[in-house]
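A structural walkthrough
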Amino acid sequence: MNEYVDNEARKAKLVGKTVTMAHGAGGHQTSELIDMIFKAHFDNPDLTADDAAVLAPPVGKMAVSTDGFIVSPAFYPGGNIGKLSICGTVNDLSCMGAKPLYLTCAFVIEEGFPMEKLEEIAAAMKIAYENNIPVTARGAGTGLVGACVPIAGGIVINTTKMNKILEYDLNNFVVKVQCGVLLNDLAEDCVSKGLMYPPDPGEKFACVGGNVATNAGGMRAVKYGATRDYVRAMTVVLPTGEITHLGATVSKTSSGYSLLNLMIGSEGTLGIITELTLKIIPAPKAVASLIIPYEDLETALATVPKFKMAHMNPQAIEFMEREIVLASERYVGKSVFPHQINKREICQYLHVTSDGNSEDEVDALIEQAAELVLEAGAIDVLVADTSAKMKDAWAARSSFLEAIMEETKLLDECDVVVPVNKIAEYLTFVNKTGEECGLVIKSFGHAGDGNLHIYQCSNDLEEEEFKKRVDKFFDIIYKEATNCGGLVSGEHGIGSGKVKYLVDSVGETNMAIMEGIKRVFDPKMILNPGKVCYRL
């Protein structure tokens, strides 16, 4: 057993004081700073919370806690360290049983974190490795499975200031970025140059490095693929502190094991991704959407394979249930989707987007799609062919989670992926299971690739009872996803929250293979422990 596993016994006891970092031609003297941190770590084993309880990090400074958390003033300016819980989103903390830990003792560092350079991360990682201290890399903290919550303590390396778009290479159609660049910033920068970075996860203000670490998907995956399909190369800091470069600016390879693809989707357990070379494409010249209402789920989802069979290739095929659409419209204050047509009640919707190289091409695709869905049982077809109409439609779709949260006292979520032809059958099973467990279920997702987002909601239950029911619900529906030929995550990842469900899905043999791979990269098992395949 590794030393750090007993978190209570191994908590760092850091002296509460301010250290000013030196600046110069060589940048931050990071190794000297970290030497001081770890000297305090090992030379002061008896410090208590009282030694740092009154410290408050000034704006622009970070606090490193003994429980392994860095508190960002962007979240909590001037907060009381002694009272403050970990920075991050509610989902990041509460999902799948992750427990919020409270700061006990802190070391305030001026401009030391977040880290801004590859060499700083390598220096920190090297010292942590030599001293057997766990490390967790953390970006924007938008994850939903606890992947960047440092459950084993140690230190967190915050990458949000590594946020530069470094260069475009239009001869090879790639862009080089640092890991902390926000998806929204990269997407907008590409558009301004007539380009497109196709991966389109729902959380636009996630870091691109996090997208790669989870192989995020999103709404355009049905046509363009997931994040993995756009990563050409990367620079990585290994758990030992060594720096390595994976991949190349080429479109194909048969050059040994694909370490690049091994790193993609590894959720920060094999190395810390610091720089990425990403494939980009020319932006489509025209885009239009269809809002397609149906009376029932089965008819709506039976339409999805017909698009491919008709040689159409929509950019996105989303499905959504009536109740979640109504909640979204209440949230955004605007009605976008029809609720009734010719006295026929609408219960389900498809939202289909097509793109092309000209308006004429897209118009032809929209007309073909309209004929197809009406023949397949749609009630009507509404065309969003102006920027204003498309903006309203996608604003409603993008606000689903916020709308649910606005109206729900207790909430949890799971993301699964099943074969496209099993979606309707699986969702029927999920809704029935929700009723049996006494939970309100709200669902939407990517109908084109079978990736479903299923929310468990309650406004009446006590939290403890809610968690019990959700645990029972998860046990049943994750097992059924596997039985349907699916997997326990389509794009959110495993983190710490889904480890037990991954075990049940892929089996102990495959878990052992994955853990063996991790041990090759990380012999001391200090990098993001307790995630994906390594169980504490």
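Everything numeric in this text was worked out from a predicted model, so none of it was measured.

**Regarding the overall build of the chain**
For the chain, the count of helices and strands is 17 helices and 22 strands. The proportion of buried residues among the 536 residues of the chain is 55%. The contacts in the chain between residues at least 6 apart in sequence include a share of 73% that link residues at least 24 apart. Total accessible area on the chain is roughly 22900 Å²; 52% of this is exposed by carbon and sulfur atoms.

**What to know about the pattern of salt bridges**
Inspection of every chain in the model, using the stated rule, returns 16 salt bridges. Here Asp355 ties to Lys223 by a salt bridge, and the two come within 2.5 Å at their closest N and O atoms. Of this pair, Asp355 sits in strand E18 (residues 348-356) while Lys223 sits in helix H7 (residues 221-224); the two residues are 132 residues apart in sequence, bridging distant segments of the chain. Overall, Lys223 belongs to the partly exposed group, its relative accessible area being 26%.

**Brief notes about the sheet that holds strand E19 (residues 382-384)**
Spatial strand order, E19-E14-E18-E15-E21-E22-E20: 7 strands in an open sheet with antiparallel pairing. Edge strands, defined here as strands with exactly one partner in the open sheet, are E19 and strand E20 (410-417). Pairs of neighbouring strands in the sheet enclose a mean axial angle of 20°, with direction left out of account. The pairing of strand E15 (residues 316-321) with E18 spans 6 bridges and is classified as antiparallel. Looking at E18, one finds that Ile317 is bridged to Val352.

**Quick look at the pairing of strand E7 (residues 165-169)**
Strand direction decides the pairing type here: E7 and strand E8 (residues 174-178), joined by 4 bridges, are antiparallel. Bridge assignment links Tyr168 to a residue of E8, and that residue is Val175. Between E7 and E8, which follow one another and run antiparallel, lie 4 residues, and Phe173 among them has a positive phi close to 50°.

**Considering the environment of Ile379**
With respect to the element layout, Ile379 can be found in the loop between helix H12 (359-375) and E19. When its relative accessible area of 11% is taken as the criterion, Ile379 is described as buried. In the structure, Ile379 is positioned 86 residues away from Pro293 in sequence and 5.7 Å away in space, judged by C-alpha atoms. Filtering out sequence-adjacent residues up to four positions away, Ile379 remains in contact with Pro293, Tyr294, Glu295, Ile341, Arg344, Glu345, Ile346 and Leu374.

The rules behind each value
- Residues numbered from 1 in each chain as written.
- Predicted model: local features only at pLDDT ≥ 70, side-chain atom pairs only at ≥ 80, totals over all residues.
- Heavy atoms only, no water.
- Helix = DSSP H or I, 4+ residues; strand = E, 2+ residues; numbered from the N terminus.
- Buried < 20%, exposed > 50% of the residue type's maximum accessible area, 1.4 Å probe, protein only.
- Contact = heavy atoms within 4.5 Å.
- Areas by Shrake-Rupley, 256 points an atom, 1.4 Å probe, with all protein chains shown as cover.
- Salt bridge = Lys/Arg side-chain N within 4 Å of Asp/Glu carboxyl O.
- Pairing = 2+ DSSP bridges.
- Axes fitted to C-alpha atoms, helices over the stretch in contact; angles between N-to-C directions.

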